[in-house]
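Spelled out, the chains give:
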Amino acid sequence: SCTETLHEFSSATPVRRYAFNLTAQTELCRRLYGVVPDPTYLTRRYGGYAIPGRVTNVFFSSGALDPWTGGTFTEMEPHDASVEFCSMPSGTHHADLR
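Residues numbered from 1 in each chain as written. Predicted model: local features only at pLDDT ≥ 70, side-chain atom pairs only at ≥ 80, totals over all residues. Heavy atoms only, no water.

A word on the overall build of the chain
To keep it simple, the criterion reads: Only DSSP runs of H or I with at least four residues qualify as helices, and only runs of E with at least two residues qualify as strands; both kinds are numbered from the N terminus onward. For every residue, the accessible area obtained with a 1.4 Å probe (protein chains only) is divided by the maximum for its type, and the residue is called buried under 20%, exposed over 50%, and partly exposed between those limits. By definition, residues are in contact when any of their heavy atoms lie within 4.5 Å.
Each helix and strand counted, the chain has 2 helices and 4 strands in total. Mapped from its N terminus to its C terminus, the chain presents α and β elements in the order β-β-α-α-β-β. For the chain, the residues scored as buried account for 21% of the 98 residues in total. Considering only residue pairs separated by 6 or more positions, the chain has 64% of its internal contacts joining residues 24 or more positions apart.

Structure (structure tokens):
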């Protein structure tokens, strides 16, 4: 996304290799949509990696084969008792689309 959910991280798993490039992403967003991404928006708005401690009644799921697993929240994060976490050893992002 070029506005609210720009994630500045790369992936290096057996499933996918991707190197994030902010300069290239900014140019793509400017050319396609006439906007400049703000990669700090989510952190300012929701607290970044502190989000589990700022929300209630949320279920965070993750998969060990997910190329974005580096951004996973776990029960090790400070969190409200109503927040749940689930890690699936064979889970991946959009495996159903392959």
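Back to the text.
Concerning the side chain of S62
Inspection of the secondary structure assignment puts S62 in strand β3 (residues 59-63). Residue S62 is classed as buried on the basis of its relative accessible area, which comes to 11%. Residues contacting S62, with those up to four places away along its chain left out, are T72, C86, S87 and M88.

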